[in-house]
Amino acid sequence: MDLATLTSQLHALGEEALPKIAAAPDVATLDELDVAYLGRKGGALSSLMRGIGQLPADDRPRVGVVVNEVRQAVEAALEEARRRTADAALAARLVAETVDVTTPGRPIARGSLHPIVETIGRIAEIFGQFGFVTYEGPEIESDATNFQMLNIPPDHPARDLWDTMYVDVEGGLLRTHTSPGQIRVMHTESPPIRALLPGRCFRYEAVDASHASEFFQVEGLMVDEGTNLGDLRGLLDEFAHAMFGAGRATRFRPGYYPFTEPSVAFDVGCLVCGGVGCPACGRTGWMTILGAGMVHPVVLRHGGIDPERYQGFAFGMGVERIAMLRHGIGDIRVFLDNDLRLLEQFR
Amino acid sequence: MRVPLDWLRDYVDLQLDPEALAERLTLLGFEVKGLERWGSEWRNVVVGELLTVEKHPRADRLSLTTVRVGAGEPLQIVCGATNIAPGQRVPVALPGALLPGNRAIERTEKMGVVSNGMLCSGDELRLSVDGEGILILPAGTPLGAALTDLYGDWVLDVDVKPNRGDALCLVGLAREVAAATGASARFPEVGLTEDGAPIDQVLAVHVEDPGLCPRFVGRMVRGVGVAPSPQDVQRRLLAAGMRPVSNVVDATNYAMLELGKPTHAFDAGAVARDASGRAGLLVRTAGAGERLETLDHVERSLSEETLLIADANGPLAIAGVMGGAASEVAESTVDVIIESAVFDPVSIRRTAFRYALRSEASLRFEKGQESRLARIGADRVAGLIATWAGGSVAAGRIDTAPDEAGPARVGYRPARVNRLLGTSLDPDAQAALLARVGIESEPATAGSNVLIAADPTLHDVAVGPGEAREAIVPSWRRDLIVEADIAEEIVRLAGYETVSGKTPDTSMPHVRPNPLELRDGLRHALAAAGLVEVVTPALVPASQAAALGWPVRAADGVPGEQAVDGPVVTVTNPLSERHSVLRRGVVGSLLDVLALNERHGRADVAIFEIGKGYAQAPDGSPAEWWRLAFLLAGSAGPPAWNRPARPFDLDDAKGVVDLVGHVLGLPEPLFTLHADGAPLHPGRAALAMAGQGCAGLVGELHPSIGAAWDLRAERVFVAELAIAGLAGGQLAPVRVVPIGRFPPHERDIALVVPESVAAADVLATLRAAGGTTLRRVGLFDIYRGTPLAAGEKSLAWRAVFAAEDRALADDEVDAEVGRLVAATASAHGSRLRT
């Protein structure tokens, strides 16, 4: 074996290997070629290199240069081919993994909160910004707390305003409004008082689209030395704007409750027609959302508060009414029906 | 109250159109709830003149008429009435007319003759109550005019509040209209000619208890002719919603609507005479066993509190509520006694309720009556009867209390009025406002006090010189008693809209804990976990509590949240059996919600409610408590095409309890078998306890309860939990456990135990045996089957060990695991599964 022969064999090996590598279809073929040409034992290059020992010592470094040239060329070709086939494999995988992205996602379980409780929370939040503190009272009250202490004596004609359900516990009745809470708060707190009293109420009332025998009210009470009708107006305006939108018109007009004097009915511009007049507002352009007034001196006295020094206002609103207006609900009965088709809309 | 504007015009000039008037009254405190065009249904009903009236060729009972209704050809109309004659003017309903009761008038053929419309009776038009004959209109009625233009009227439906009995009449409302518009109100002229015998020769009245009847005024009209009232009177009554009866009865109703004064007319012929031949009336309460047939022809046994108008022979009428049939004014009546009295309001109200006879009269009596009206009402009714029914009015009145109280005086401080209202009206401006409703005022006399409350005792305050004024309140304004009443009157007349609003700028109250906080925290967590919040009625059927049998005391053990296992609280006047008792627990209501939604085709239901239970405490007082209840039925998780449906199971329910405990910061709940399962599956019911903060039952509903509720779901999981602070507590802040600096060791320990060993017991043993390095231990698998023997199970636990100050060595952890294995082996006979 002479130098020229070995050199030409080495070059021939390179010329044979490079097209095969270039044509290799996959990594496995490249691995076979790698072993076949570059394998330490039995690889074609290693086999040729065994011939180096037969060369004269002077020629050996020259052959070494050629060996390295060939090895590097083959290695570079293999690396390039590996990168190419990996890219192709990835591309093929991505194509194969294509899905129909238009299908719906997998829904996450999510419940909902009842509009009555949520509306109470919203009312409490709005009045909370004005320092109103939430309290609660019992639902089973007595004639004294539900009526008499609120300036509604027995056999008073105003009792027609509250058809009452009575229960078989001594002197008991189901509260017809949250107003008894006024007295309870006056007994536990001293002025300045800003109180909010949400809760369930009961009336002996035939149920229809706008009347329920069980319903929820929120009572408000504010008592201090100078609290006046203007404060009530200002506060209710803020409430109406927060609840029904900043531009909502409001109206203050006389009402009647035995436990307030003067008494107030508070209207907002019709939420259906905006005030032009429609069937929903009885063509008046207005919807009444709550009753209010300056706490009657008799009620303050029953609460242990000196009506000469202190004065204040109270208001009471039907939660269902607010919720119906807010959510476009036309029938009060849906609240206690709990049809999931309705409730789940509040998700 | 229905207010026909045409009638109201008798007492006040009206310049405003009806809508504007309605708004003005509403802003004055008399809310107009409705504005109705009365008679608008008389479109296509016109005035016609009968030209000919002949017999129908083929029907004896019908007439064939020709009627001229205007310039065109006369109309041929078939008519069944007999009171018609040529020359009369009559209402003609033309084809296309729609009469009251939606009666459509068409061109028809009657027995072979074409009829181009219909001649109308008063009743058919609801213009009078006469349905016998055709309504004959006055001769001068313009031919061809539409009836709605002639007789139609605007009727306001005014909501008169209970404190304003004085305005429950046209005169009272006219006063308010006058105050609102600046017009002046006119009181009706009581034209009365007393041409009969002196009253005390024909009538005697004795009032036994003046407390129940403070004033009784009697008059008598003799020789009346009872007949229908004049047509315009009938029309007014009908427009006001009252049915005409006869000229005498209508006179009492007319005066009541006009003046607010209920009166009653007796047939004097039915009243017993005294020794002097006078009709003798007695006002007394009923005696034992007395009975009376009232005007509605119901024979009533009278309770002893009932105030009566009686004669020597017995009861004639229930005073202020309803007359008796025997003394009713009828066609045969010749002499009429008029009763115009003031009765005790409470007595009348109680009587009206007792007999369920709340009438227009009793409604007015129970609001209190101005004494003066007793006299005026008697005069007015006598005058109307004499005008409409003829007869002579006996001279003078019987009057048991002729002295009429003058106006009341109510002190007020103009500055105090402004302080209450937030206004700055000077005293003269306030006085001018009051004057618009006839309330004069003047400076208070020196030394007089101002009354600020009249209940529970009179409460008045001394005022400085010149500080107060006195309002001189007309006798009809019985609602103005204390200073605040005057303040309301002032702001009402000024207009509530003149009160300018401002946000409150006075001292803020103390901060108080929000009683909704803990409930809200739970609500949000449960909704986020996929449960829908419901709010159900507290009133349930009496049968429900018994049927469900949910043990109220199951939640014992949570301090401050005890339930009372007493009898249910029952409504004594329920609206229906379905809402007759207060529930003791919430689960039954959730079953109702499930049943309702199943009826709508909904199978997957996950709901919760935070609601109250109620019962009678041992001392008879009512008790109320809060509970959290939830229900799971159908598939867990929202249905989806890309996820297999998985039915809810008991572990889901226990998971919800676990979540509740997490929200509340409580120890992990322990579940123990609730052997006394009812109303739960006896093998699938657990008592859950999370420390002392949460306790209750969770389990699968007993199949028999599901059947009782008619549920479709095969398995339903329910729970009801007592929770500390649910009635108004706060959420405890999260306390953070430091994250260890050294890596934890996780070891899995599979313990083979007999089936009878409860996982919770093994867990308790593991926790008790674990040293300080055992951070957590939890069940992650249960295995049954080969190579385990039958009746064995393998509980696989994952234990986490760590120390704060060092990395644990493997052999240290191995020793800990060994201790756990040994402890369970000795406690439960377990062996390590390898």
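Throughout this document, residue positions are counted from 1 along each chain, in the order its sequence is written. To read the labels, note that chains go from A and ligands from 1, taken in the order they are written. Confidence filtering applies because this is a predicted model: local features only for residues at pLDDT of at least 70, side-chain atom pairs given and counted only at 80 or more, and all residues used for totals across whole chains, interfaces and linings. Side-chain measures here rest on the full set of heavy atoms in the structure, leaving out hydrogens and waters.

## Overview of the domain arrangement of chain A
These domain boundaries are the output of an automatic or database domain assignment. You can read the domains of chain A as domain 1 (3–96) and domain 2 (115–346). In this structure, domain 1 of chain A and domain 2 of chain A have C-alpha centres spaced 92 Å apart.

## Considerations on the nonpolar core
For soluble globular proteins, nonpolar side chains are generally found buried alongside one another. For this analysis, a nonpolar core means a set of buried residues of the types Ala, Val, Leu, Ile, Met, Phe, Trp, Tyr and Cys, connected via side-chain atoms within 4.5 Å. Note on exposure labels: buried denotes an accessible area under 20% of the residue type's maximum, exposed denotes more than 50%, and partly exposed covers the range between, all computed with a 1.4 Å probe on protein chains only. With 74 residues, the main nonpolar core has F239(A) and F315(A) as its most contacted residues. Working definition: helices are DSSP H or I runs of at least four residues, strands are E runs of at least two. Numbering for both runs from the N terminus. Counting residues per element, this core draws most heavily on helix α8 (residues 229–244) of chain A, at 8 residues. Those residues within four positions of F239(A) in sequence are excluded, and the remaining contacts are I123(A), I126(A), F127(A), I289(A), L290(A), M317(A) and I322(A). In terms of nonpolar packing, the next biggest core, distinct from the first, is built from 53 residues, Y11(B), F30(B), V32(B) and L156(B) among them. Any two residues having at least one pair of non-hydrogen atoms within 4.5 Å are treated as being in contact.

## Examining the sheet that holds strand β19 (residues 307–311) of chain B
Residues and elements named next belong to chain B. In this scheme, strands are said to pair when DSSP sees at least two bridges between them. With mixed pairing, the 5 strands of this open sheet are ordered in space as β13-β16-β19-β20-β21. The open sheet terminates on both sides in strands that have one partner only, identified here as β13 (203–207) and β21 (322–323). Relative to strand β20 (residues 314–318), β19 runs antiparallel, the two sharing 4 bridges. Note on β20: the bridge partner recorded for A310 is P315.

## Concerning the packing of aromatic side chains
Here a pair means two rings of Phe, Tyr or Trp (six-membered ring of Trp) with centres within 6.5 Å. Their orientation is stacked below 30 degrees between planes, edge-to-face above 60, and tilted elsewhere. Here the structure, examined in full by the defined rule, presents 14 aromatic pairs over all chains. Ring plane angle 20 degrees and centroid distance 4.9 Å describe the contact between F127(A) and F239(A), whose orientation is recorded as stacked. With F127(A) in helix α5 (residues 115–128) and F239(A) in helix α8, this pair connects stretches of sequence that are 112 residues apart. Each member of the pair, F127(A) as well as F239(A), carries the same accessibility label: buried. Considering the side-chain rings of F132(A) and F315(A), the 6.4 Å spacing of their centres and the 50 degrees angle between planes classify their relative orientation as tilted. Within this pair, whereas F132(A) is found in the loop between α5 and β1 (133–134), its partner F315(A) is found in strand β9 (residues 311–318), the two being separated by 183 residues in sequence. The class of F132(A) is buried, set by a relative accessible area of 5%. A residue is classified by how much of its surface remains accessible, and F315(A), at 1% relative accessible area, is buried. Three or more aromatic residues link up through ring pairs in this structure, and these residues are F127(A), F132(A), F239(A), F313(A) and F315(A). Its end group placed over the ring of W626(B), R519(B) keeps NZ or CZ at 3.7 Å from the ring centre. Here, a charge over a ring means that NZ of Lys or CZ of Arg falls within 6 Å of the ring centre while also lying within 35 degrees of the ring normal. In this structure, K654(B) is placed above the aromatic ring of F671(B), and the distance from its NZ or CZ to the ring centre is 5.4 Å.

## Topic: the sheet that holds strand β8 (residues 286–295) of chain A
Residue and element names in this part refer to chain A. The strand order β1-β4-β5-β9-β8-β7-β6 describes an open sheet built from 7 strands, whose pairing is mixed. Here the strands that pair on one side only, and so sit at the sheet edges, are β1 and β6 (250–254). As defined by bridge partners, β6 adjoins strand β7 (residues 260–269) across 5 bridges and the pair is classed as antiparallel. Pairing of T250 across the sheet is with V268, part of β7.

## Description of the interface of chain A and chain B
Facing the 96 residues of chain A at the interface are 106 residues of chain B. The three residues of chain A that bury the most area against chain B are D155(A), R301(A) and E308(A), which together make up 8% of that side's buried surface. Any carboxyl oxygen of Asp or Glu within 4 Å of a side-chain nitrogen of Lys or Arg constitutes a salt bridge here. Summed over the shared surface of chain A and chain B, the result is 15 salt bridges. Linking E308(A) and R413(B) is a salt bridge whose minimum nitrogen-to-oxygen distance equals 2.6 Å. Distance and chemistry together define a polar contact, namely a pair of N or O atoms within 3.5 Å, with one atom able to donate a hydrogen and the other to accept it when in protein, and with adjacent residues in sequence counting only for side-chain atoms on both sides. Taken together, the connections running from chain A to chain B amount to 47 residue pairs in polar contact (both at pLDDT 80 or more). With 7 residues, the single largest contributor to the side of chain A that touches chain B is α8(A). Throughout, the accessible surface (probe 1.4 Å) given up by two parts as they are put together, summed over both, is called the buried area.

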